[in-house]
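Here are the chains, one letter per residue:
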Amino acid sequence: MQLATVVGALLAVTALATLVAHRVDQDREETRQDQAAAQAVAAIESSAARLQDAVRDLTSLFSASEAVTVEEFFAFAQPALEAGAASSLSRIDFVREAERDAFEQRFGRRIWEPEGGDQNKRAVAPTRPEYAVAVTVANRELRRPVVGFNLLAAPARARALRTSARTGEAAASGVVSLAGTGRAGYILVAPRYAEGAPVETPAQRLRALEGWVSGTLDYQQISLALRAAAGDGGLQVSQQGRELLTIGAVGEDAKRVTAVIGGTRYDVRVAQPRVGVLPAAGWVAILGLLATVFVTLLVRQTAISAQRAQQLAALRGHERDEAVRTGATERAATQALLGHLPDIAMFRYGPDLRFTTVAGGLVMMTGRTSAQLVGCGPGDISTDEESAVLEPTMRAALDGATHSFAMKLGERQLWVQTVPLTPGEEALLVATDVTGLERAQAGRAEAEARFQQAFDDAPVGMSLMDLQGRFIEVNRALCEMTGFDPEDLKGRNFSVLTRSEDVPVLADALRQQAAGETHRVSTETRATHASGHTLWLEIHATTLAGPDGRPEMVLSQVLDVSDRRRFEARLQYMADHDPLTGLANRRAFERALDTQLANVRRYGAQGALIVFDLDHFKAVNDTMGHTAGDAVIVNAARILRDLLRESDVIARLGGDEFAILLPRADRDEATDVARKLVAEIRERGSVLAGQRPGSVTASVGVTLLDPIQETGEQALVDADLAMYDAKEAGRDGFAIFEPGTAAVQSRTKARLTWLERIRTALEQDRLTLVAQPIQSLADERIVHHELLLRMLDDHGDLIPPGSFLHIAERFGLIEEIDIWVVRRAIRMLAEHRDRDLIFEVNLSGASLGSSRVLEVIECELRDTGVDPQRVIFEITETTAVANVPDARVFAERLGELGCRFALDDFGAGFGSFYYLKHLPCDFLKIDGEFIRHLASTPTDRVIVAGLVRIAQGLGKQTIAEFVGDEETMDLLRREGVDMAQGYHVGRPGPLEDVLSAQVSSAP
């Protein structure tokens, strides 16, 4: 009974201990599964990180150099390929549709796409808005080149490309079939942008996009590392249900984990076999049973103790065998793991330096297997010189010393370590192949040296700053630009150069770059030269990332734009100022006047506007030339500056017309200014170098600004009307616009009525042309017709131009009239192109130099196909040309088209010879003043003879105006005049009558 109780208790304890041990065994198995899964994820993510580093390094190459050659690309990519960081590395260019032809011509091949989705069949890419073309491809085993491939034709690749271009960051494609091999893998792309272009927003990034750098990774390439993680078990990698890689057997109970590559999730399943030794639960059960048996046997029969001892000895022998087998299994697993590491070799050796264990993928470099190398020594795997280096360190490891050193073994660069295991008995020799790393470091060093040379020798200023704005490096160009030595700038903040008021702007830009909010910044700022003067600098700053991908430094390009800034300021000044006097021009004055009227409408009536021109100014130009006329204009501007306050706005509106804005003046003050102005111009306006070339006075018009004047143009019209009142009152005086008085209303109404009639005539086509014939004195044929303008009144009667042209000139409608005349003349020639007609068309001085009039003439000639030789433009000498240089360009352009020019009223004043010198012309029309009395006045004959000789000397033809009789015709013929025009030849008549008559052929 007692024996049964003891045995039962022992069995109960044994069962409980067995359950606990079984749980321990399960925990161990789960730990082994977790470790294997973690190794697999680490292997996948490590491969992805190495590919990302390779792509980032290539992207930095493009940032450091504006033009990367194919040789440079391959030299930079090769170390990464040899180190197994990537299957291929590519340069991809972004090509827009409009750029495709030029790109293909420069590239030397057509852009292609897979035909029907088959990578092995190619077709020329159809027309698309955009292309992403593989330009340069460095690879390890690409069977079929992909250069010229449009990656935007592949949806998965296109999504990655567009995502990276839009975000400015690297993007992955997910699982794709790699071009050229067809194996599964993925693609990582990083964008390249134009240097200096703003890339703060997605829209700016797309505009600045130049292309990408891409890298591919074949899933087979990471299989070795995954095999090491799987060991004797199984491993499977899949993505969205697609099986990518399977090693060994993987059951449903396998460990499941997730790895992330470039934003894509991968499912990893790992299965590990159970350890081939007796589990702890088994041991507990055996021991419990043994204890039970032992007690039972001890109680019942001690005689059989010898038999139990024999059994126990056998069991312990079995345990030893199991331990030996377990150790062998572990060593085999270690060897298998090392065998899958291609860059490592491990040699265990004893006192005789003979290898007892050999493992690692690098063993293959010897040309033998690990088993073949067991029993060999260092002399069997190296030359005598290399062995002489290895043996002393191997012996030292047996003595307990550890050594690490670099050595070259054949073509490979190795990092060797000797480590003691059991002093005097065993040591370990470990060799790691660092050839790829050495080449990568050499390539990086070469790229850095090339960057440093480009940095130092750049023709523009270059600087490297830390994220606190301190200069790390500066180049020679920046020092020459700013006048500082490199030692004066290195280590100091950028504020040493920057004007204090601009420092906050640059500091904020630097803060944004340091925070990663923006990659590039472009701005202009003021800097202080070492000598103290101010510079304008244009800065383009780019963030450079450190090894962790975070901003580390800022690379800046600096251009001295001081000259451009001065030029722009000068252009701005010229846009708003009259070049002769330095006063504001019409554009600037009208802007100031509109601003003043806005204040008037808001705060009530205040201020006055004065407009005046110089009386008899044309006489100065005629008698003394345009140089003297310019001097009178400059002198008038000087008088205005002396007379008025700085707060008053003074402008030259054009020609001899000036305007003054008195912002705070009332009626009395405006009247006082006008009175003083008239007196000062009378007293000082004509004085030129101590002489009086002629009487120059001023007619002044004044209007008080009022809210009813809606625009500046209306205020100018009011002042103009008052100025004409002053002229009609005898000149040399002033008048004030009084809208409420009957006299002013009458005169104003008359002028405005004419203005309205002109506008109505233009709108309703109530203008017409008459033609006056011009006869050749050599053969008496009609060779030209001069077209003269008339207006039709309400009854159809003709109104002469003298009644309305001066109003049109005054109120800015003369250009519209000239355009109407030009169009009508050219279209009439087009309708009668079968006739030998040549028309002389008058242009006002204001239209000469007008880009709008020039454009109309060019368009009409082009659209109608009229021969430009059939159009002669008359420049009227008695009308002032607004801008002689512009008029010269205008005339030269029409001359290039084939049009000809005639100078009208030649000889009427000094301006004739000025225009003759500066404006191209083919005909000189002698003023009628010298022709009317030619037969009875010897003086006229002498002058005409002189004018003819001048014309002949310059190769010009002459036309005499106002020819009234046959006697004058004969005299002109004897003097050598070429053509005649006047009532004796023919009176002006309706153009339609001329066209219906028989017209003689032109010479």
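Along each chain, residues carry numbers from 1 onward, in the same order as the chain's sequence is written. The predicted nature of this model means local features are confined to residues of pLDDT at least 70 and side-chain atom pairs, given and counted, to a pLDDT of 80 or more, with totals for whole chains, interfaces and linings taken over all residues. For side-chain calculations, the full set of non-hydrogen atoms in the structure is used, while hydrogens and water are omitted.

A. Fine view of the overall build of the chain. Each helix corresponds to a stretch of at least 4 residues labelled H or I by DSSP, and each strand to a stretch of at least 2 residues labelled E; elements are numbered beginning at the N terminus. Across its full length, the chain holds 29 helices and 37 strands. Each residue is placed in one exposure class: buried if its accessible area under a 1.4 Å probe, protein chains only, is under 20% of its type's maximum, exposed if it is over 50%, and partly exposed if it falls in between. Burial statistics for the chain: of 1003 residues in total, 45% are counted as buried. Looking at the chain alone, contacts between residues at least 24 apart form 60% of all its contacts between residues at least 6 apart. Here the open area of atoms and residues is found with the Shrake-Rupley method and a 1.4 Å probe, where only the protein chains shown may cover a residue. If you sum the accessible surface of the chain, you get close to 49,300 Å²; carbon and sulfur atoms cover 52% of it. Residues are treated as being in contact if the distance between any of their heavy atoms lies within 4.5 Å.

B. Quick look at the environment of A722. Along the chain, the position of A722 falls in helix α20 (residues 712-728). What makes A722 buried here is its relative accessible area of 0%. Through-space distance from the C-alpha of A722 to that of V702 is 6.3 Å; in sequence the pair is 20 residues apart.

C. Structural context of the sheet that holds strand β16 (residues 412-422). Strand pairing requires that DSSP identify at least two bridges connecting the strands. Within the open sheet, the five strands sit side by side as β14-β13-β17-β16-β15. Their pairing is antiparallel. The open sheet has two free edges, formed respectively by β14 (355-359) and β15 (403-409), since each of these has just one partner strand. Each strand of the sheet is rotated relative to its neighbour by a mean of 20 degrees, with strand direction disregarded. Where helix α10 (residues 384-398) meets the sheet, its contacts fall on β13 (344-349), β14, β15, β16 and β17 (426-433), and the angle it forms with β15 comes to roughly 160 degrees. Axis definition: a line fitted to C-alpha atoms, limited for helices to the stretch in contact. Angles are taken between N-to-C directions and run from 0 to 180 degrees.

D. Region of the structure containing the side chain of R157. Among the secondary structure elements, R157 is positioned in helix α4 (residues 155-167). Nearest to the buried, unbridged R157 among oppositely charged side chains is D218, at 11 Å. Discounting residues that sit within four places of it in the chain, R157 has contacts with F149, L151, V176, S177, L178, A179 and I187. None of His or the chain ends enter the tally, which takes Lys and Arg as positive and Asp and Glu as negative. We define a salt bridge as a contact between a side-chain nitrogen of Lys or Arg and a carboxyl oxygen of Asp or Glu at a distance within 4 Å.

E. Up close: the nonpolar core. In terms of nonpolar packing, the biggest core is built from 78 residues, with F839, V841, F873, V944 and L972 touching the most fellow members. Element by element, the count of residues in this core is highest for helix α23 (residues 814-831), at 11 residues. Filtering out sequence-adjacent residues up to four positions away, F873 remains in contact with V822, V841, L843, I857, L894, C899, R900, F901 and A902. What makes a nonpolar core is a set of buried Ala, Val, Leu, Ile, Met, Phe, Trp, Tyr and Cys residues whose side-chain atoms join them at distances within 4.5 Å. Counting residues in hydrophobic clusters, the runner-up holds 39 residues, among them A48, A80, I222 and L235.

F. Representation of helix α2 (residues 70-82) within the structure. By this rule the span expected of a helix is its residue count minus one, scaled by 1.5 Å. Taking 1.5 Å as the rise per residue, α2 with 13 residues should run 18 Å; its terminal C-alpha atoms sit 18 Å apart, in good agreement. At F76, α2 shows its maximal kink, close to 25 degrees; a proline, P79, follows between one and four residues later. Three or more residues of α2 are buried, namely E72, F73, F76, A77, P79, A80 and L81. At the C-terminal side of α2, G84 shows a positive phi close to 80 degrees. Fitting one axis to the seven residues ending at a residue and another to the seven starting there, the bend at that residue is the angle between the two axes.

G. A look at the pattern of salt bridges. Scanning all chains against the criterion turns up 49 salt bridges. Residue D563 is joined to R566 by a salt bridge in which the shortest nitrogen-to-oxygen separation is 2.2 Å. A residue pair is termed a helical-turn pair when its members lie 3 or 4 positions apart in one helix, as D563 and R566 do in helix α15 (residues 562-576) at three residues. The exposed category is assigned to D563, whose relative accessible area is 57%. Of the charged contacts, one joins R587 and D576 as a salt bridge, the two residues approaching to 2.3 Å between their closest N and O atoms. Taken as a pair, R587 in helix α16 (residues 586-603) and D576 in helix α15 lie far apart in primary sequence, 11 residues in all. On the accessibility criterion, R587 (45% relative accessible area) is partly exposed. Residue classification places D576 among the buried positions, given a relative accessible area of 10%. Among the charged side chains, a network of salt bridges with common partners joins R499, E501, D502 and R526.

H. Just the sheet that holds strand β22 (residues 551-560), in detail. The strand order across the open sheet built from five strands is β19-β18-β22-β21-β20, with neighbouring strands paired in antiparallel fashion. Looking at strand neighbours, the two that pair on one side only are β19 (471-474) and β20 (520-528), the edges of this open sheet. Neighbour-to-neighbour, the strand axes of this sheet turn through a mean angle of 25 degrees, independent of strand direction. The sheet contact formed by strand β21 (residues 534-545) and β22 spans nine bridges and is antiparallel. Across the sheet, residue T542 finds its bridge partner in β22, namely L555. Across the sheet, helix α14 (residues 503-514) is in contact with β18 (461-466), β20, β21 and β22; its angle to β20 comes to roughly 150 degrees.

I. Region of the structure containing the packing of aromatic side chains. For this analysis, a ring pair means two rings from Phe, Tyr or Trp (six-membered ring only for Trp) whose centres lie within 6.5 Å, classed as stacked if their planes differ by under 30 degrees, edge-to-face if by over 60, and tilted for the remaining angles. One pass over the full model with this rule turns up five aromatic pairs. For the ring pair F94 and W212, a centre distance of 5.9 Å and an interplane angle of 90 degrees mean the geometry is edge-to-face. Here the residue F94 occupies a position in strand β1 (residues 88-96), and W212 occupies one in strand β8 (residues 209-218), the gap between them amounting to 118 residues. Across this residue pair, the class does not change: F94 and W212 are buried. Geometrically, the ring pair formed by F347 and F355 is tilted, given 4.7 Å between the ring centres and 40 degrees between the ring planes. A residue is classified by how much of its surface remains accessible, and F347, at 2% relative accessible area, is buried. A relative accessible area of 2% places F355 in the buried class. Look at NZ for Lys and CZ for Arg. If either is within 6 Å of the ring centre and within 35 degrees of the ring normal, a charge sits over the ring. It is R932 that lies over the ring of F962; its NZ or CZ is 4.3 Å from the centre. Note that R987 overlies the ring of Y983, its terminal NZ or CZ placed 3.8 Å from the centroid.

J. Structural view of the pairing of strand β24 (residues 649-654). Of the strand pairs in this sheet, β24 and strand β25 (residues 657-662) are connected by five bridges, and their pairing is antiparallel. Paired with A651 across the two strands is A659, which belongs to β25. The antiparallel hairpin formed by β24 and β25 contains two residues in its connecting segment, where G655 sits at a positive phi of about 55 degrees.

K. Highlighting the environment of R439. Tracing the chain through its elements places R439 in helix α11 (residues 435-457). Here the alpha-carbon distance between R439 and A75, two residues 364 residues apart in the chain, equals 9.4 Å. Leave out the neighbours within four places in its chain, and R439 touches P79 and E82.

L. Representation of helix α19 (residues 667-684) within the structure. For α19, built from 18 residues, the straight-helix expectation of 26 Å at 1.5 Å per residue is met to within 8% by its first-to-last C-alpha distance of 26 Å. Here α19 has its buried residues at A670, T671, V673, A674, L677, V678 and I681. The buried residues of α19 occupy an angular sector of 160 degrees when projected down its axis, which confines them to one face. Opposite the buried face of α19, by more than 90 degrees, sit the exposed residues D668 and E683. Tucked into the core, α19 has its buried residues touching β23 (608-615), α18 (626-643), β25, β26 (697-704) and β27 (733-736). For this analysis, a polar contact is any N or O atom pair within 3.5 Å, provided that within protein one partner can donate a hydrogen and the other can accept it, and provided that sequence-adjacent residues contribute only side-chain to side-chain pairs. If you check the start of α19, you find a side-chain oxygen 3.3 Å away from the backbone N of D668, and it comes from D666. By arc we mean the arc of the directions from the helix axis to the C-beta atoms, nothing more.

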